[in-house]
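# Coordinate inspection notes
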Amino acid sequence: VMFWYWCCRMLMPREAGKFISGVAKDVFIKGEGVTKVANIIAEAVKNGKLDPESFKQNEVLPLDKGLTNQQLSDWIFLVDAINFNFWTPNGVPKYVVKHNGVKRAGYLGMVLAVNRAIDEGKPMYDPNYYSKLTVADLKNIFRSETKSLLPLFEERVKVLKAVGEKLIEKYDGSFLNVLKLAEGSAMKLVKLIMDEFEPFRDTAVIEGQEVALLKRAQIVAADIWMLYCGQDLGSFADIDSLTMFADYRVPQAMVHFGALKYSTSLMNKLENEYLFKSGEREEVEIRGASIHATELIVAETRKILESLGLSPNGINSIKVDFFLWDYRVSNSKMLEPVPYHRVRCIYY
């Protein structure tokens, strides 16, 4: 009966991560690595380094441009719609953007390019504007200091057109109207985004079971929560039901800490820069195991905090994800020897 129950419905990320970890053949969660990460995070909490305000990253959110909360919500949706696939093959220059004396690569470079465009009078937060952008327009907006363009350029044009047109047709041209329908539930918002906006439909099938990983849909909910400081339209009572955002960088940090371990055959593929297809089994295993490992790290961190007489309530998967992602960015040279999985797709 339980097998029938699993297989007759799509599993949302938390259950998906647990299911994938249970059937994985090439990716393994290691308890000692989980404890190691939990101790590092507990130490960061103790030192006040895991405060939500520190994740707002003022250089990312354009809080200095006089935008309304509605425009900022629309900005978040735009940026998260194209928050995918920034890796460059070894030996190829990274995508780098420079603006106002600041230089950033990859995802942060893309965000800087969006904010640069706003400074140039281009209302990038407005679906009426961005849904009509051509490849040439976007090449100008996302121009790089290096020869490298953002990968999947044509796909980004299609994504902006698709999500922008849906907002205009059905939601009066603003993501705020999607947000209102969520009625204070992060998971309801995630499901709405998945159902309504095809480019966010990040799902796969493993062992005949459909699983939803939903990296970007969950990031939207987390970013809204942070924008509104957990108040008003960002007041999500179920914020802790979000999982980590399964990508290709956080697993790299988890392998570095020993929380994840790969089989020899998978490690060989990664070291040889094998290009996975979206939905390929090993790729799904890496992402699913990352989700479940994060859940275990959260539980372990809460235990450690309680033993230190500190409140465990502030710790959730979002904060663990941000911590590990930031750690990877800050220690990119040190983590370079750890191979990451490569895929070209619009879902993460």
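First, a word on what this report is: a plain description of the structure on this page. Sequence order sets the numbering: in each chain, residues are counted from 1 along the sequence as written. Predicted model: local features are reported for residues with pLDDT of at least 70 only, side-chain atom pairs are reported and counted for 80 or more only, and whole-chain, interface and lining totals are derived from all residues. Side-chain metrics in this entry use all non-hydrogen atoms of the structure; hydrogen atoms and water are not considered.

### Thoughts on the pattern of salt bridges
Put simply, the rule reads: A pair is scored as a salt bridge if a Lys or Arg side-chain nitrogen falls within 4 Å of a carboxyl oxygen belonging to Asp or Glu. Only DSSP runs of H or I with at least four residues qualify as helices, and only runs of E with at least two residues qualify as strands; both kinds are numbered from the N terminus onward. Relative accessibility under 20% of the residue-type maximum defines a buried residue, over 50% an exposed one, and the middle range a partly exposed one, all with a 1.4 Å probe and only protein chains included.
All chains considered together, the criterion is met by 19 salt bridges. Across the salt bridge formed by Lys 170 and Glu 196, the nearest N and O atoms sit 2.8 Å from each other. Taken together, the residues Lys 170 in helix 9 (residues 153-170) and Glu 196 in helix 11 (residues 186-196) connect sequence positions 26 residues apart. Taking the relative accessible area as the measure of exposure, Glu 196 reaches 15% and is therefore buried. The residue Glu 300 makes a salt bridge to Lys 303 at a minimum N-O spacing of 4.0 Å.

### Notes on helix 5 (residues 69-81)
For clarity, the threshold we go by: Expected helix span is taken as 1.5 Å per residue step, with the number of steps being one fewer than the number of residues. Whether two residues touch is decided by their heavy atoms; if any such pair falls within 4.5 Å, the residues are in contact.
Counted at 1.5 Å a residue, the expected span for helix 5 with its 13 residues is 18 Å, and the 18 Å between its end C-alpha atoms agrees. Most of helix 5 sits inside the fold, with ten of its 13 residues counted as buried. What helix 5 keeps buried is the set Leu 72, Ser 73, Asp 74, Trp 75, Ile 76, Phe 77, Leu 78, Val 79, Asp 80 and Ala 81. The inward-facing, buried residues of helix 5 contact helix 6 (106-119), helix 7 (127-130), helix 9, helix 10 (176-181), helix 11 and helix 12 (215-227).

### With respect to the pairing of strand 5 (residues 209-212)
We count it as follows: Each pair of strands is called paired provided DSSP finds at least two bridges between the two strands.
Where strand 4 (residues 203-206) lies against strand 5, four bridges are found, and the strand directions are antiparallel. Looking at strand 5, one finds that Thr 203 is bridged to Ala 212. Two successive antiparallel strands, strand 4 and strand 5, enclose a turn made up of two residues, where Glu 207 displays a positive phi of approximately 50°.

### Observations concerning the packing of aromatic side chains
Worth spelling out the cut-off: Put simply, two rings from Phe, Tyr or Trp (the six-membered ring, in Trp's case) pair if the centres are within 6.5 Å, and we call them stacked under 30 degrees between planes, edge-to-face over 60, tilted for the rest. Our definition puts a charge over a ring when NZ of Lys or CZ of Arg is within 6 Å of the ring centre and also within 35 degrees of the ring normal.
According to the stated counting rule, one finds twelve aromatic pairs in the structure shown. Between Phe 77 and Phe 197, the aromatic rings sit 5.0 Å apart at their centres with planes inclined by 65°, giving edge-to-face as the arrangement. Note that Phe 77 is positioned in helix 5 and Phe 197 in the loop between helix 11 and strand 4, a separation of 120 residues in sequence. Note on Phe 197: relative accessible area 1%, which makes it buried. Among the aromatic residues, ring-to-ring pairing joins Phe 77, Tyr 171, Phe 175, Phe 197 and Phe 200 into one connected group. Taking the ring centre of Phe 86 as reference, the NZ or CZ of Arg 156 above it sits at 5.1 Å.

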